[in-house]
Amino acid sequence: MRLSAMGDVAMTVPVLRAFVKQYPSVQVTVISRPFFKPFFEGIPNVSFFAFDEKERHKGFLGLLRLFQDVRALHVDAFADLHNVLRSQIIRNLFLVTGKKVAAVDKGRAGKKELTRAVNKVFQQLPTMFERHAEVFKTLGYPIDLSLELEFPQKTVLSAEITDLIGENYQKLIGIAPFAQYDSKVYPLDLMKEVLAKLSENKEHTILLFGGGKKEIEILDSLATPFKNVINVAGKIKFQQELKLISNLDVMLSMDSGNAHIAAMLGVKVVTLWGATHPFAGFSPFNQPIENALVSDREKYPMLPTSVYGNKKVEGYDEVMRTILPESVVSRIQSLL
């Protein structure tokens, strides 16, 4: 399997957990960037093959080497869960050598109907988890995603992490207030109201997640007024961050990769949606629709305007202000 962005990779994890539970005699090899290896650690019968995009597997000749490297593992079938040019080349090479192959259908036509301004078809599209499961079904391995999954146990936190967040926490709330595009980011003044209300309960320890110098500076400014709000961004390594997220009681996230990381670890997730919408199929795994708080379509009838949040529509910059801080706080508190 060939995967890309963090959220895309995280969304495959629950499907793989379901697969190995329902087909315990089948061995799976995940092909992805080395950075994502921690996502798959501890899943039975799943091994990881590191895609070296900078050297060995760079360019077209590198893809041929990747094909030979993977072919040497004696695979019987190739599941393309990304369906981009690189993975298409590898998939077709396996096809001409007589192997079973299948690729994810991204459902572009349905997404176009959902996000267009005129004659919008506002209905739930298949989730990415269902689309991934369909790939395995095509290969002869139907997966029932409704069966209860075994998520990883909460990881024992290292001294380095407990020194950062303290040892006397009772409820851990994670907040990841950023996303790739501004149209998916909850206004900071409203996020401050959410933090102020949640921090009133001294049993709550609130952890802020993000990355990059600019985001870290903003997170520091958000955390400063409150004793029980801690910015963990830039202070621990990615693997430690995963262990910390596994200990959360709830995660508040935008439509972003952090939502999918928390969900793949079995954490309850509340998501906030601006220009995008859960109907496009990117709601985090195993989360009830009540946990997805969406912007007001009566006031902004063209919503959703985008699948990924990368399109700007005049007059729609402030759509997330229709998600009230009180609604966010109330939903989080209902899950604690």
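So, how was this worked out
Residues numbered from 1 in each chain as written. Predicted model: local features only at pLDDT ≥ 70, side-chain atom pairs only at ≥ 80, totals over all residues. Heavy atoms only, no water. Helix = DSSP H or I, 4+ residues; strand = E, 2+ residues; numbered from the N terminus. Rg over C-alpha atoms; globule rule 2.2 N^0.38 Å. Buried < 20%, exposed > 50% of the residue type's maximum accessible area, 1.4 Å probe, protein only. Contact = heavy atoms within 4.5 Å. Areas by Shrake-Rupley, 256 points an atom, 1.4 Å probe, with all protein chains shown as cover. Lys, Arg positive; Asp, Glu negative; His and termini not counted. Charge placed at Lys NZ, Arg CZ, Asp CG, Glu CD. Core = buried A, V, L, I, M, F, W, Y, C linked by side-chain atoms within 4.5 Å. Pairing = 2+ DSSP bridges. Axes fitted to C-alpha atoms, helices over the stretch in contact; angles between N-to-C directions. Phe/Tyr/Trp six-rings, centres within 6.5 Å; stacked < 30°, edge-to-face > 60°. Right-handed = clockwise from strand over helix to strand, strands pointing away.

### Focus: the overall build of the protein chain
On a plain count of helices and strands, the protein chain comes out with 12 helices and 10 strands. Taking 2.2 N^0.38 as the reference for a compact globule, 336 residues should give roughly 20 Å; the C-alpha atoms of the protein chain span a radius of gyration of 21 Å, in line with that estimate. Principal-axis analysis of the C-alpha atoms gives the protein chain an extent of 60 × 55 × 40 Å. Relative to its 336 residues, the protein chain shows a buried fraction of 52%. Long-range contacts, defined as pairs at least 24 residues apart, comprise 63% of the intrachain contacts of the protein chain with a sequence gap of at least 6. As presented, the protein chain carries roughly 16,400 Å² of accessible surface, and 51% of it is formed by carbon and sulfur atoms. In the protein chain, which carries 41 positive and 36 negative side-chain charges, the distance between the mean positions of the two groups comes to 6 Å.

### With respect to the nonpolar core
Of all hydrophobic cores here, the largest spans 62 residues; its most connected members are Phe39, Phe40, Ile165, Leu207, Phe209, Leu244 and Met251. With nine residues, helix H1 (residues 6-22) is the single largest residue contributor to this core. Look past the residues within four positions of phenylalanine 39 in its chain and what remains in contact with it is Met6, Val9, Ala10, Val13, Phe238, Leu242, Ile261 and Met264. Residues Ala179, Leu293, Leu303 and Val319 belong to the second largest nonpolar core, which totals 35 residues.

### Here we look at the sheet that holds strand S7 (residues 229-231)
Strand order in this open sheet of six strands is S7-S6-S5-S8-S9-S10, and the pairing throughout is parallel. With partners counted over all chains shown, the strands left at the sheet margins are S7 and strand S10 (292-294), one partner each. In this sheet, adjacent strand axes meet at a mean angle of 20° when their direction is disregarded. Of the strand pairs in this sheet, strand S9 (residues 268-273) and S10 are connected by three bridges, and their pairing is parallel. Looking across to S10, one finds that leucine 272 is bridged to leucine 293. Seen against the sheet, helix H9 (residues 213-223) touches strand S6 (204-208) and S7 and runs at an angle of roughly 165° to S7.

### So, the packing of aromatic side chains
Tallied over the entire structure, the rule returns 17 aromatic pairs. Measuring from ring centre to ring centre gives 4.4 Å for phenylalanine 35 and phenylalanine 238, while their planes differ by 20°; the resulting arrangement is stacked. With a gap of 203 residues between them, phenylalanine 35 in the loop between strand S1 (28-32) and helix H2 (37-40) and phenylalanine 238 in helix H10 (residues 238-246) connect regions that are remote in the sequence. The interplanar angle of 50° and the centroid separation of 5.6 Å between the aromatic rings of phenylalanine 36 and phenylalanine 39 together place this pair among those described as tilted. Note on phenylalanine 39: relative accessible area 2%, which makes it buried.

### Observations regarding the pairing of strand S5 (residues 171-176)
Across the six residues of S5, five count as buried, placing the element largely inside the fold. Assessed by its sense of winding, the connection that carries the chain from S5 through helix H8 (residues 188-199) to S6 is right-handed. Judged from the four bridges that link them, S5 and strand S8 (residues 250-254) form a sheet pairing that is parallel. Residue pairing in the sheet places alanine 176 in a bridge with serine 253 of S8.

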